[in-house]
Amino acid sequence: TQLLEQSPQFLSIQEGENLTVYCNSSSVFSSLQWYRQEPGEGPVLLVTVVTGGEVKKLKRLTFQFGDARKDSSLHITAAQPGDTGLYLCAGWETGNQFYFGTGTSLTVIP
Amino acid sequence: NAGVMQNPRHLVRRRGQEARLRCSPMKGHSHVYWYRQLPEEGLKFMVYLQKENIIDESGMPKERFSAEFPKEGPSILRIQQVVRGDSAAYFCASSPGSGRGGLYGYTFGSGTRLTVV
């Protein structure tokens, strides 16, 4: 069983569309991170959220941490082909364990 | 060297040979983590090391796999007597702080893609 479930697992959209990726758990996390991994490369840290209800924006990307700190979402506005990649959430669970999510593979078609 | 350096980028080994994967952490980082990834899947934790110490090896298979992070030199992930099921991408990450991930986040290398033929 995976502590951090991401949905959808695969997503293929047209350039210019909006999308949301979800990261859910039944456990409480003291902090949660989002990474993007491009083919053939390692994951790159995008953001860390630590406060329940926190919202962070990174250009066209909006990250939200759930009020109860059990879930998070990543919203991309006007997706571009350069957004293509594997999106991974990861969290420091309050039981002192760190987990990566199952991943969402995004393809943006020009 | 601004990032985490892994080498080689690609490694091909025959069944039964040994594979040695190297990782030099980011400058100023003293915590190293090894992860394994299969195609289209997330990252699976293997081992967490500090200089000369293995902190957490709960994700390492009990046989054939070992890791070290000596006082001098890179961290090494060693796989003895490789089998086809060992074929995967192996990523190294480093962080400046203690614990696994936490508030600092990880800086990842580009990975070593191991193919066992």
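Here we summarise the structure given alongside this text.

About the criteria used
Residues numbered from 1 in each chain as written. Chains lettered and ligands numbered in written order. Predicted model: local features only at pLDDT ≥ 70, side-chain atom pairs only at ≥ 80, totals over all residues. Heavy atoms only, no water. Helix = DSSP H or I, 4+ residues; strand = E, 2+ residues; numbered from the N terminus. Rg over C-alpha atoms; globule rule 2.2 N^0.38 Å. Core = buried A, V, L, I, M, F, W, Y, C linked by side-chain atoms within 4.5 Å. Buried < 20%, exposed > 50% of the residue type's maximum accessible area, 1.4 Å probe, protein only. Contact = heavy atoms within 4.5 Å. Pairing = 2+ DSSP bridges. Axes fitted to C-alpha atoms, helices over the stretch in contact; angles between N-to-C directions. Buried area = accessible area lost by both parts, 1.4 Å probe. Salt bridge = Lys/Arg side-chain N within 4 Å of Asp/Glu carboxyl O. Nonpolar A, V, L, I, M, F, W, Y, C, P; charged D, E, K, R; others polar.

Here's the deal with the overall build of chain B
Phase 1 of the analysis: Looking only at helices and strands, chain B has zero helices and 11 strands in total.
Phase 2 of the analysis: Order of helices (α) and strands (β) in chain B, N terminus to C terminus: β-β-β-β-β-β-β-β-β-β-β.
Phase 3 of the analysis: Taking 117 residues into account, the globule formula puts the C-alpha radius of gyration at 13 Å, and chain B, at 13 Å, falls close to it.
Phase 4 of the analysis: Its C-alpha atoms give chain B principal-axis dimensions of roughly 40 × 25 × 25 Å.

Quick look at the nonpolar core
It is characteristic of soluble globular proteins that their nonpolar side chains tend to be buried jointly.
Phase 1 of the analysis: Judged by nonpolar contacts, the single largest core of 22 residues is most densely connected at W34(B), M46(B), L77(B) and Y90(B).
Phase 2 of the analysis: Listing elements by their share of this core, those giving two or more residues are β3 (19-24), β4 (31-37), β5 (43-50), β7 (65-68), β8 (75-79), β9 (88-95) and β11 (112-116) of chain B.
Phase 3 of the analysis: Residues in contact with Y90(B), not counting those within four places in the same chain, are Q6(B), L21(B), Y35(B), R36(B), M46(B), F65(B), L77(B), I79(B), G111(B), T112(B) and L114(B).
Phase 4 of the analysis: In this structure, L19(A), L32(A), A79(A) and Y87(A) belong to the second largest nonpolar core, which totals 21 residues.

Points about the sheet that holds strand β1 (residues 5-7) of chain B
All names here are of chain B.
Phase 1 of the analysis: Reading across the sheet, the four strands line up as β1-β3-β8-β7 and stay open at both edges, with antiparallel pairing between neighbours. Strand pairing shows two members of the sheet lacking a second neighbour, β1 and β7, which therefore form its edges. For this sheet, the mean inter-axis angle between neighbouring strands, taken without regard to orientation, is 15 degrees.
Phase 2 of the analysis: The pairing of β1 with β3 spans three bridges and is classified as antiparallel.

Some thoughts on the interface of chain A and chain B
Frequently, the measure chosen for interface size is the accessible area that the parts lose on association.
Phase 1 of the analysis: Across the contact, 21 residues belong to chain A and 20 residues belong to chain B.
Phase 2 of the analysis: Counting the surface lost from both chain A and chain B, the interface buries some 1,500 Å², and carbon and sulfur atoms represent 53% of this.
Phase 3 of the analysis: Taken as a group, P43(A), F98(A) and F100(A) account for 29% of the area that chain A buries against chain B, more than any other trio of residues on that side.
Phase 4 of the analysis: Counting the contacts that link chain A with chain B gives one salt bridge.
Phase 5 of the analysis: Here E41(A) ties to R9(B) by a salt bridge, and the two come within 3.7 Å at their closest N and O atoms.
Phase 6 of the analysis: Elements with a contribution of two residues or more to the side of chain A that touches chain B: β4 (29-37), β5 (44-49), β9 (85-93) and β10 (97-100) of chain A.
Phase 7 of the analysis: Among the elements that line the side of chain A that touches chain B, the one with the most residues is β4(A), at four residues.
Phase 8 of the analysis: Class assignment of the residues belonging to the side of chain A that touches chain B gives a composition of 10 nonpolar, 10 polar and one charged.

A look at the sheet that holds strand β8 (residues 71-76) of chain A
Residue and element names in this part refer to chain A.
Phase 1 of the analysis: With antiparallel pairing, the five strands of this open sheet are ordered in space as β1-β3-β8-β7-β6. With one partner strand each, in any of the chains shown, β1 (5-7) and β6 (55-58) form the two edges of the open sheet. Put simply, the sheet's adjacent strands are angled 15 degrees from each other on average, direction ignored.
Phase 2 of the analysis: Here strand β3 (residues 19-24) runs beside β8; their pairing, made up of six bridges, is antiparallel. Residue Y22 lies in a different strand from β8, and its bridge partner there is S73.

Structural measurements only, silent on function.
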